[in-house]
Amino acid sequence: MASVTFKSVTKRYGDFVALRDLDIEIGDREFLVFVGPSGCGKTTTLRLLAGLDSVTTGDIYIGDRRVNELASRDRDIAMVFQSYALYPHMTVYDNMAFSLELQGLGRGDIQQRVQRAAQQMGIEDLLQRKPKELSGGQRQRVAVGRAIVRNPAVFLMDEPLSNLDAQLRVQARTEISHLHRELESTFIYVTHDQVEAMTMGSRIAILNQGVLQQIDTPQAVYSSPKNKFVAGFIGSPAMNFFEGALVEMGDRLWFKSDALSLPLPPTTPQYQRYIGQRVICGLRPEDLHDACYLPPGMVTAPLKGTITHTESMGHEVIVYLALGDGQSCAARVDRRSALALGESVELAVNTTALHLFDPHTEVALI
Ligand SMILES: Nc1ncnc2c1ncn2[C@@H]1O[C@H](COP(=O)(O)OP(=O)(O)O)[C@@H](O)[C@H]1O
Ligand SMILES: [Mg+2]
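Residues numbered from 1 in each chain as written. Chains lettered and ligands numbered in written order. Predicted model: local features only at pLDDT ≥ 70, side-chain atom pairs only at ≥ 80, totals over all residues. Heavy atoms only, no water.

**Some details on helix α4 (residues 136-148)**
Formally: Helix and strand definitions here come from DSSP, where helices need a minimum of 4 consecutive H or I residues and strands a minimum of 2 consecutive E residues; each element is numbered from the N-terminal end. By definition here, a helix of n residues has an expected span of 1.5 Å times n minus one. Remark: exposure states derive from per-residue accessible area (1.4 Å probe, protein chains only) relative to the maximum for the residue type, with buried under 20%, exposed over 50%, and partly exposed in between. By the convention used here, residues are in contact when the closest approach between their heavy atoms is within 4.5 Å.
End to end, α4 covers 19 Å across 13 residues, agreeing with the expected 18 Å (1.5 Å per residue, within 8%). Across the 13 residues that make up α4, a large majority, 10, are buried. Within α4, the full set of buried residues consists of Gly137, Gln140, Arg141, Val142, Ala143, Val144, Gly145, Arg146, Ala147 and Ile148. The inward-facing, buried residues of α4 abut β6 (77-80), α2 (92-102), α3 (107-121), β7 (154-158) and α5 (166-183).

**Quick look at the sheet that holds strand β16 (residues 300-312)**
The condition that has to hold: Strand pairing is assigned whenever DSSP identifies at least 2 bridges connecting the two strands.
Pairing in this open sheet of five strands is antiparallel, and the strands run β15-β19-β16-β17-β18 from one edge to the other. Edge positions in the sheet fall to β15 (288-289) and β18 (328-333), since each of these pairs with one other strand and no more. Bridge count for β16 against strand β19 (residues 344-350) is seven bridges, and the pairing is antiparallel. In the strand pairing of β19, Ala301 is matched with Val349.

**Quick look at the domain arrangement of the chain**
Rule in force here: Throughout, the edges of the domains are those of an automatic or database domain assignment. Once two parts are put together, the accessible area they lose, assessed with a 1.4 Å probe and summed over both, is termed the buried area. For this analysis, a salt bridge means a side-chain nitrogen from Lys or Arg found within 4 Å of a carboxyl oxygen belonging to Asp or Glu.
What the domain assignment lists for the chain is domain 1 (4-233) and domain 2 (240-291 + 299-357). Computed over C-alpha atoms, the centres of domain 1 and domain 2 are 39 Å apart. Contact residues are listed per partner, giving seven residues for domain 1 and six residues for domain 2. Overall, the association of domain 1 and domain 2 removes approximately 630 Å² of surface from exposure, summing both partners, and the carbon and sulfur fraction of that is 63%. Contact with domain 2 buries surface across domain 1, with Tyr222, Lys228 and Ala231 losing the most and accounting together for 74% of the total. The interface formed by domain 1 and domain 2 includes zero salt bridges.

The structure is reproduced here in structure tokens:
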């Protein structure tokens, strides 16, 4: 059991900064997910923690022990790699037993641990096979099984589900969450998939270009993104953005653009200094409604456009709208909606749901 702390950790490869000034505290037994686009520094972060690479500046702690100079094998962690990295010439059993043999454990002890891990992962029947005789899903379980035999204080997982098909991914997601509860150790999980991040993490840390953007619970990140990057990265279809201005009309502030006029919530002193200035307004697709199916009591403003594409998902319909100014946006509307391709429509925007961002810093105005 262990907490993990990064203190001002920077990693450079030559002139290139892969990770910049990362400060993060991960609690004992937490399930923390690092998420971000390809190349943002996720694998680098795990490799630094695992001791497979060394920091350029800063310190890493596991528990209260500074581990910068500690060899990988002494850090009490196990890593599941994206490629699984199973030894092809060894059986599943030997793949799982290998690290225990290196630790010098006795044969009986090893057998017991491998059996138990195999049982936990449901791969008891596969122990005598070689990796090439396994399906993708089975290999993934073996890779996780090989990590859990070591009973480490911290598990690192680098996109362990990215080679699985969609259905297996959903199943494996719940299995790993279950495993986390069962093992009661710290899990640090890396993915580029925001659905995995949202569903698995007790907190999620969003990285972009080596810089931590926000760390919070999935709900908080979704409802209060700190900046435009996080707002656009978390959520699918992505948040719609509108460029416009903040103006004062009567006793209220409004967001005004070619396509939209939205009254802002009345008591928001932080908006005052943006009066007359350009701002970016963000609206999530679920906050644009088919006016025929409005939740009772919702105060809305109209958004005119032409429907260019519809996707019926069964439980909802995603419609894509071309706005007058050449911009497009996505709406997630009621499944009974009859909005049709080519139709000119007026969607209803929930006026309490908007997010505003500074157009230069892209920081949220909250
Ligand atoms: N050994 C290396 N030498 C030079 N650049 C590297 C090295 N490892 C990673 N990088 C660069 O650092 C950035 C972050 O890489 P990585 O952490 O692997 O990203 P990801 O978030 O996709 O896992 C990328 O731009 C990558 O090209
Ligand atoms: Mg990676």
